[in-house]
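Descriptive structure summary
What follows is the residue order along each chain.
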Amino acid sequence: MAEASRKSQLGGPHTKEATEKGDNLECAVCLQNCVHPAQLPCGHIFCFLCVKGIANQSKKCAMCRQEIPKDFIEQPNLLEKPYQREASEGFDGGYQWFYEGKNGWWRYDPRTNEDIEQAFQLNLPLVEILICGEIYVIDITNNWQYCKKTPTRKRSIKRDKIENLVVKGEAGLLR
Ligand SMILES: [Zn+2]
Ligand SMILES: [Zn+2]
């Protein structure tokens, strides 16, 4: 009787250990290329913001359920420094999106930055974006953002050039 298909045995080698820089790493949480790839002690790699999201919720690796150390968010093991991506990027000659956070202005992560800019270019009044597992409303008309769960806690946002601001860091990662 048939042993018809035994052609592909998955679960093979861990070859693609993904030491390459972020670009080709797919994050198993958001299913997109990793932004600020961070490696957990178990070896799995996700976007920093995605880890932050799961650290707030299940506190376990989304792949293997190993616990995420309590101090991981403060001291993440990042595979690249966020500020390797420098001010050169930006729209219309260097404009980027910032939000007001601890002691000053913070830059959005590159993906969120692009999503907001796209909405801005389309003249949308606001855009909803999933950040850290929560939906944020980015209100472009009023220049503020809030988490949909806590709409009273608003933070200022703005579109500006990085050289006009003292920027503390990016997406919660200190400069
Ligand atoms: Zn992700
Ligand atoms: Zn894991």
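Residues numbered from 1 in each chain as written. Chains lettered and ligands numbered in written order. Predicted model: local features only at pLDDT ≥ 70, side-chain atom pairs only at ≥ 80, totals over all residues. Heavy atoms only, no water.

All right, on to the coordination of the zinc ion (ligand 1) then. Coordination of the zinc ion (ligand 1) by the protein is provided by Cys27 (SG), Cys30 (SG), Cys47 (SG) and Cys50 (SG), with metal-donor distances spanning 2.3 Å. For the zinc ion (ligand 1), the four donor atoms in the first shell make angles of 105 to 112° at the metal, so the coordination geometry reads as tetrahedral. Taken in chain order, the donor set of the zinc ion (ligand 1) reads C-x2-C-x16-C-x2-C. By relative accessible area, cysteine 47 is classed as buried at 3%. Exposure remark for cysteine 50: the relative accessible area of 14% places this residue in the buried category. (Donors = N, O, S within 2.8 Å, 3.2 Å for Na, K, Ca; no water. Tetrahedral: all angles 85-135°; square planar, octahedral: opposite > 155°, others 65-115°. Buried < 20%, exposed > 50% of the residue type's maximum accessible area, 1.4 Å probe, protein only.)

Here we come to the nonpolar core. Counting residues in hydrophobic clusters, the biggest one holds 35 residues, and the most contacted among them are Leu40, Phe46, Ile68, Tyr108, Ile116 and Ile138. Mapped onto the domain boundaries, this core takes at least three residues apiece from domain 1 (20-80) and domain 2 (87-174). If you look at the next biggest cluster of nonpolar residues, it comprises five residues, including Phe98, Trp105, Ile162 and Leu165. (Core = buried A, V, L, I, M, F, W, Y, C linked by side-chain atoms within 4.5 Å. Domains from an automatic or database assignment.)

Two elements, strand β3 (residues 95-101) and strand β8 (residues 155-161), share five bridges in a ladder whose sense is antiparallel. Of the residues in β8, the one forming a bridge with glutamine 96 is aspartate 160. Inspection of the sheet shows β3 paired to strand β4 (residues 104-107) by four bridges, in the antiparallel sense. Its bridge partner being in β4, tyrosine 99 is matched across the sheet by tryptophan 106. Where β3 folds back on β4, the antiparallel hairpin that results is connected by two residues, among which asparagine 103 adopts a positive phi of roughly 55°. (Pairing = 2+ DSSP bridges. Helix = DSSP H or I, 4+ residues; strand = E, 2+ residues; numbered from the N terminus.)

We now examine unusual backbone geometry. With a phi close to 50°, histidine 36 is a non-glycine residue in the positive phi region. You can see histidine 36 is positioned in the segment before β1 (37-39). According to the relative accessible area criterion, histidine 36 is buried, its value standing at 4%. A positive phi angle, near 65°, is found at arginine 65, a position not held by glycine. Examined against the element boundaries, arginine 65 turns out to sit in the loop between α1 (48-56) and β3.

Attention now moves to the coordination of the zinc ion (ligand 2). The zinc ion (ligand 2) binds to the protein through Cys42 (SG), His44 (ND1), Cys61 (SG) and Cys64 (SG), with metal-donor distances spanning 2.0 to 2.3 Å. Seen from the zinc ion (ligand 2), its four donor atoms lie at angles of 104 to 113°, and the figure they make is tetrahedral. Histidine 44 sits in the partly exposed class, given a relative accessible area of 25%.

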